[in-house]
Amino acid sequence: MPEIPPNLTWERAAPPDAPGPGPWIEIAFGEGDGGETPVYIRETSDPDNVVTTNRRKWDAFVLGVQAGEFDHFVE
C-alpha cells in the first residue's frame, strides 16, 4: 500500500447544505498534474482506510458518472 502524504487537502463530496457529519466520501489529489498523479479516496467514517488510484482513472470515472454509466446502481 502506498504511503499517504500527511499534507493532503481533502475535499468532501457533499452538498454545501448537507446536514450532519455524513458519512461522506472525501477526495485528495497528490503532487503533479499528469495522468499518473495519485488520487486518494476515503470515507469520513473511516479516514484511515484510504484507496488510491491515479488522475487518469479518476477522470474516466467522473466522466462515466456524468454520462449516466452508473445509474443502474441507484434505484
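Residues numbered from 1 in each chain as written. Predicted model: local features only at pLDDT ≥ 70, side-chain atom pairs only at ≥ 80, totals over all residues. Heavy atoms only, no water.

**Re the sheet that holds strand β2 (residues 25–29)**
Here is step 1 of the chain: The strand order across the open sheet built from four strands is β1-β2-β3-β4, with neighbouring strands paired in antiparallel fashion. Of all the strands in the sheet, just β1 (11–13) and β4 (46–54) have a single pairing partner and so form its edges. Across the sheet, the mean angle from the axis of one strand to that of its neighbour is 30°, orientation sign disregarded.
Here is step 2 of the chain: In this structure, strand β3 (residues 38–43) lies alongside β4, joined through five bridges in antiparallel fashion. Among the inter-strand pairings, Pro38 is bridged to a residue of β4, identified as Asn54. (Pairing = 2+ DSSP bridges. Helix = DSSP H or I, 4+ residues; strand = E, 2+ residues; numbered from the N terminus. Axes fitted to C-alpha atoms, helices over the stretch in contact; angles between N-to-C directions.)

**Here we look at the pairing of β2**
Here is step 1 of the chain: Where β1 lies against β2, three bridges are found, and the strand directions are antiparallel. Its bridge partner lying in β2, Ala13 is registered against Ile25.

**Brief notes about the pairing of β3**
Here is step 1 of the chain: As judged from the five bridges shared by β2 and β3, these two strands associate in the antiparallel manner. Counted as the bridge partner of Ile27 is Ile41 from β3.
Here is step 2 of the chain: Counting the residues that bridge the hairpin from β3 to β4 gives two residues.

**Digging into the packing of aromatic side chains**
Describing an aromatic ring pair means giving the distance of the ring centres and the angle of the ring planes.
Here is step 1 of the chain: Taken as a whole, this structure holds three aromatic pairs when the rule is applied.
Here is step 2 of the chain: Here the aromatic rings of Trp58 and Phe61 are separated by 5.7 Å at their centres, their planes lie at 40°, and the arrangement is tilted. Of the two residues, Trp58 and Phe61 are both situated in helix α1 (residues 55–66); the distance of three residues between them amounts to about one turn of the helix.
Here is step 3 of the chain: Aromatic pair Phe70 and Phe73: ring centres 6.3 Å apart, planes at 20°, arrangement stacked.
Here is step 4 of the chain: Phe73 gets classed as exposed once you look at its relative accessible area, which sits at 63%.
Here is step 5 of the chain: It is Arg42 that lies over the ring of Trp10; its NZ or CZ is 3.9 Å from the centre. (Phe/Tyr/Trp six-rings, centres within 6.5 Å; stacked < 30°, edge-to-face > 60°. Buried < 20%, exposed > 50% of the residue type's maximum accessible area, 1.4 Å probe, protein only. Lys NZ or Arg CZ within 6 Å of the ring centre and 35° of its normal.)

**Quick word on the pattern of salt bridges**
Here is step 1 of the chain: Applying the stated rule across the entire model yields four salt bridges.
Here is step 2 of the chain: Between Glu26 and Arg12 there is a salt bridge whose closest N-O contact spans 2.9 Å. Of this pair, Glu26 sits in strand β2 while Arg12 sits in strand β1; the two residues are 14 residues apart in sequence, bridging distant segments of the chain.
Here is step 3 of the chain: The exposure class of Arg12 is partly exposed, given its relative accessible area of 46%.
Here is step 4 of the chain: Its salt-bridge partner being Glu36, residue Arg56 comes within 3.5 Å of it at the nearest N-O pair. (Salt bridge = Lys/Arg side-chain N within 4 Å of Asp/Glu carboxyl O.)

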